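# Observations on chain architecture
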Amino acid sequence: MNTSTTATWALRPALPEDIEALAELRATAMRPDLERLGRYDEHHVRRRMRDGYVPGHTSVVVVDGELAGSVTLRPVDSGLRLENFCLSPALHGRGIGTAVLRSLLARADEQGATVRLDVLQGSAARTLYERHGFTEERQDPIDVFMVRPPVR
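Residues numbered from 1 in each chain as written. Predicted model: local features only at pLDDT ≥ 70, side-chain atom pairs only at ≥ 80, totals over all residues. Heavy atoms only, no water.

This part covers the side chain of His 132. You can see His 132 is positioned in the loop between helix 4 (125-131) and strand 6 (135-139). In this view, His 132 contacts Thr 98, Leu 101, Arg 102, Leu 105 and Arg 148; residues no more than four positions away in its chain are not counted. (Helix = DSSP H or I, 4+ residues; strand = E, 2+ residues; numbered from the N terminus. Contact = heavy atoms within 4.5 Å.)

Below is the structure:
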């Protein structure tokens, strides 16, 4: 797939051996927001990714042939749960995250599935999610929990 940027991106199925690169990428991408919230722990952020990693539900974002991010779309009783959506900070603002999210939401819409996610308080990603139809369900001091019903 090609976005409006000069970068070419694709999603590929995650492999078990991707976990260390993805854990490192997640730690790098989340560090500014976690530090802002006083919650950054370099070991915990990586361990959370490793502990929840399910290659069968995870896609790797590949940009210009290189691993550049990941996203998990996990089936749950109430629909789908979007987790661990992260993109290399060097690629932020280029439309790649928007394009990836659109493709995932199109898949969810085809299934008639509601999508839920949580985003860190104050994260710029919240605006991205709101632009794509997510609304706040609830929040706590760390996270905002959001939902998007299927678009038919």
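Still to come is the rest of the account.
Our next topic: the pattern of salt bridges. Counted under the stated rule, the structure contains twelve salt bridges. Across the pair Arg 81 and Glu 83 runs a salt bridge, and its minimum N-O distance is 3.7 Å. A single burial state applies to Arg 81 and to Glu 83, both of which are buried. One salt bridge connects Glu 136 with Arg 126, and the closest N-O pair in it is separated by 2.8 Å. Of this pair, Glu 136 sits in strand 6 while Arg 126 is found in helix 4, placing the two residues ten residues apart along the sequence. (Salt bridge = Lys/Arg side-chain N within 4 Å of Asp/Glu carboxyl O. Buried < 20%, exposed > 50% of the residue type's maximum accessible area, 1.4 Å probe, protein only.)

The strand order across the open sheet built from seven strands is 1-2-3-4-5-7-6, with neighbouring strands paired in mixed fashion. Each edge of the sheet is formed by a strand with only one pairing partner; in this case those strands are strand 1 (9-13) and strand 6. In this sheet, adjacent strand axes meet at a mean angle of 30° when their direction is disregarded. Alignment of strand 6 against strand 7 (residues 143-148), held across four bridges, turns out to be antiparallel. Residue pairing in the sheet places Arg 138 in a bridge with Phe 145 of strand 7. The strands touched by helix 1 (residues 19-36) within the sheet are strand 2 (58-63), strand 3 (66-76), strand 4 (79-87) and strand 5 (115-120), with strand 3 carrying the most contacts at an inclination of about 85°. (Pairing = 2+ DSSP bridges. Axes fitted to C-alpha atoms, helices over the stretch in contact; angles between N-to-C directions.)

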